[in-house]
Amino acid sequence: MSTARPRWRLGATDAAPGLEREREQAQGTRKAGPWRTGLLAAAAWAGLGMLTLLWPNKEIGFSEWAFTQEFGIAALAVSLLLLASAVLPVRPVRAARRIDRWLRPAGAWLVAAPLLLALWETLTAKLGALPPPFFAPPQSLIDVVHEDWQRLGLSTLYSLRLLLNGIVFGAVIGFLTGVWIGWSRIAGYWVHPLLRFLGPVPASALLPLAFFFAPSSYSAAVFLVALATFFPVAVLTWSGVASVSKSYYDVARTLGASPWFLVLRVAIPAALPQVFVGLFMGLGASFSVLITAEMMGVKAGLGWYLQWAQGWAAYANMYTALLVMAVLCSGLITLLFTVRDRTLSWQKGTVKW
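Undergrad: In this structure, what is going on with the overall build of the protein? I would like to understand it.
TA: Tallying secondary structure elements over the protein gives 13 helices and zero strands in all. The linear arrangement of helices and strands in the protein, starting from the amino end, is α-α-α-α-α-α-α-α-α-α-α-α-α. Counting every position in the protein, which comprises 353 residues, the buried fraction comes to 38%. When contacts within the protein are restricted to residue pairs at least 6 apart in sequence, those whose partners lie at least 24 apart make up 73%.

Right under this line is the structure:
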């Protein structure tokens, strides 16, 4: 007499409820509950709009801050959008699901941003605790963009062109130098000590020499930005190439690989994670050098715009330029992250990012 064990069949009703719930939510077939953080963010933005519209501005040497009403209406519009995203069910539209997935991780910032803006608005436009012209409310930035968008936009394009030229030159030369030092013993003996000795010198310290020897102020600025990018890229590329396991080379040589194959298909791919770290470091350093170079000699760019605004005591313009710099640098870093993720997608399982 044999006892047969019952065979359990996993059907649709036996599926894990968590997986089924995630599948339904991804397909947009289930109505999700209200997003509490989104409701809180909507209330915060509504409070900012009501504070801006209902509390009169304090008059200090001028009649009224421009775009106060528009700023309050914009805050209320953001509140309505967040309220709709928090209350409405998950929709089957793909674009709506993408927006929802982007908003929810930023929920805490969506609550903190209107609170900070409300504090800024209260201390400047409502109470005058931070007096003009040294301090200006948030709506003054809208006024600057409306009145001076051509000059600000042209300065941003000039800075972006200078920055990209310098980063490309510095990154390419630094990458080739790092590979050369990491692969060649002769280069490691002669070039590496010079790189460690001269590399830590800030690029901005060479500003007078660059403007003296360069044929133009623009070429001097490009050289300084390239120099700021060159050092971290070269050092980290060298470190990545030098740290490749020798067993990789032995296996490749056993299979008949040539020296060029070892460099291009073994050493460089293994060093790419550290190369991108060097690019991130070089981007931050080159951006600070860019602003300094534009303040000293270049006749266009965000650094020049900052100096011009400071000379005319246009502090609202200065704050707007600083905000544009922050957005530009953050955008370039995000773009570099995207390039890194796609370039190194084949190393996600073996390299810890």
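Undergrad: Looking at this structure, I do not really get unusual backbone geometry. What am I missing?
TA: Comment: phi is negative for the bulk of residues other than glycine, and the bulk of peptide bonds are trans. Even without glycine at this site, Phe67 takes up a positive phi of about 65 degrees. Tracing the backbone shows Phe67 in the loop between α2 (36–54) and α3 (68–87). The exposure class of Phe67 is partly exposed, given its relative accessible area of 22%. For Ala313, which is not a glycine, the phi torsion comes out positive at approximately 55 degrees. With respect to the helices and strands, Ala313 occurs in the loop between α12 (302–311) and α13 (315–343).

Undergrad: Is there a simple way to explain the side chain of Glu294 in this structure?
TA: Checked against the element boundaries, Glu294 lands in helix α11 (residues 259–296). Buried and unpaired, Glu294 has Arg161 as its nearest opposite-charge partner, separated by 8.6 Å. A polar contact of 2.7 Å, which involves the side chain of Glu294, links it to the backbone nitrogen of Gly303. Contacts of Glu294, omitting those with residues within four sequence positions, involve Ser159, Leu162, Ala300, Gly301, Leu302, Gly303 and Trp304.

Undergrad: Mind showing me how you'd approach the nonpolar core here?
TA: Nonpolar side chains in soluble globular proteins tend to be buried together. In terms of nonpolar packing, the biggest core is built from 37 residues, with Leu162, Leu163, Phe287 and Ile291 touching the most fellow members. Breaking this core down by element, the ones donating at least two residues are α6 (138–183), α8 (207–213), α9 (217–242), α11, α12 and α13. With eight residues, α13 is the largest single contributor of residues to this core. Once residues within four sequence positions are removed from consideration, Phe287 is found in contact with Leu163, Met325, Leu328 and Cys329.

Undergrad: Could you clarify how one ought to interpret a nonpolar patch on the surface in this entry?
TA: Together, Val168, Phe169, Val172, Ile173 and Leu176 make up an exposed nonpolar region whose accessible area comes to about 480 Å². In this structure, Phe169 sits in helix α6.

Undergrad: Even after reading the chapter, I still don't get α13, so can you show me in this structure?
TA: The periodicity of an α-helix, 3.6 residues per turn, causes residues three or four places apart in sequence to face the same way. With 29 residues, α13 should cover 42 Å at 1.5 Å per step; its first-to-last C-alpha distance of 42 Å lies within 8% of that length. Within α13, the full set of buried residues consists of Tyr315, Ala316, Asn317, Met318, Thr320, Ala321, Met325, Leu328, Cys329, Leu332, Leu336 and Arg340. Buried residues along α13 sit against α6, α11 and α12.

Undergrad: Is there a simple way to think about the confidence of the model for the protein in this case?
TA: Any segment with low pLDDT has predicted coordinates that should not be analysed in fine detail. Looking at the protein as a whole, its pLDDT mean stands at 82, while 85% of the residues score no less than 70. The low-confidence segment residues 1–31 (pLDDT under 50) makes 17 contacts with residues lying over four places distant or belonging to another chain.

Undergrad: Sorry, what's going on with the packing of aromatic side chains here?
TA: Each pair of aromatic rings is reported with the distance of its centres and the angle of its planes. Taken as a whole and judged by the stated rule, the model has five aromatic pairs. Between Tyr189 and Trp190 the ring centres are 5.0 Å apart and the planes differ by 85 degrees, which places this aromatic pair in the edge-to-face class. Note on accessibility: Tyr189 and Trp190 belong to one class, exposed. A centroid spacing of 4.5 Å and a plane angle of 40 degrees characterise the contact between Phe280 and Phe337, whose relative ring orientation is tilted. Of the two residues, Phe280 sits in helix α11 while Phe337 sits in helix α13, which places them 57 residues apart along the sequence. Directly above the ring of Trp308 sits Arg151, whose terminal nitrogen or CZ lies 4.2 Å from the centroid.

Undergrad: Would you mind showing me how to read the pattern of salt bridges here?
TA: Inspection of the entire model under this criterion finds four salt bridges. Arg151 serves as the salt-bridge partner of Asp148, at 3.8 Å between the closest nitrogen and oxygen. Pair noted here: Asp148 and Arg151 are both in helix α6, with a separation of three residues, about one helical turn. Of the residues examined, Asp148 reaches a relative accessible area of 13% and is grouped as buried. Between Asp341 and Arg340 there is a salt bridge, with the nearest N and O atoms lying 2.9 Å from each other. A relative accessible area of 28% means that Asp341 is categorised as partly exposed.

Undergrad: Explain the packing of α11 against α13 to me, please; I cannot follow it from the model alone.
TA: Any two packed helices are characterised by the angle at which their axes cross and by the distance between the axes. Their axes nearest at 11 Å, the elements α11 and α13 cross at an angle of 165 degrees. Compared by their axis directions, α11 and α13 come out roughly antiparallel. Relative to α13, α11 is oriented so that their crossing is right-handed. Across the interface between the two elements, Leu272, Phe276, Leu279, Phe280, Leu283, Phe287 and Ile291 of α11 pack against Met325, Leu328, Cys329, Leu332, Ile333, Leu336, Phe337, Val339, Arg340 and Thr343 of α13.

Reading the values: the criteria
Residues numbered from 1 in each chain as written. Predicted model: local features only at pLDDT ≥ 70, side-chain atom pairs only at ≥ 80, totals over all residues. Heavy atoms only, no water. Helix = DSSP H or I, 4+ residues; strand = E, 2+ residues; numbered from the N terminus. Buried < 20%, exposed > 50% of the residue type's maximum accessible area, 1.4 Å probe, protein only. Contact = heavy atoms within 4.5 Å. Lys, Arg positive; Asp, Glu negative; His and termini not counted. Salt bridge = Lys/Arg side-chain N within 4 Å of Asp/Glu carboxyl O. Polar contact = N/O pair within 3.5 Å; in protein donor to acceptor, adjacent residues only side chain to side chain. Core = buried A, V, L, I, M, F, W, Y, C linked by side-chain atoms within 4.5 Å. Patch = residues over 30% accessible without salt bridge, like charges linked within 9 Å, V, L, I, M, F, W, Y side chains within 5 Å. Areas by Shrake-Rupley, 256 points an atom, 1.4 Å probe, with all protein chains shown as cover. Expected span 1.5 Å × (residues − 1). pLDDT = per-residue confidence, 0-100. Phe/Tyr/Trp six-rings, centres within 6.5 Å; stacked < 30°, edge-to-face > 60°. Lys NZ or Arg CZ within 6 Å of the ring centre and 35° of its normal. Axes fitted to C-alpha atoms, helices over the stretch in contact; angles between N-to-C directions. Parallel < 35°, antiparallel > 145°, perpendicular 65-115°, else oblique. Left-handed = near helix turned anticlockwise from the far one by under 90°.

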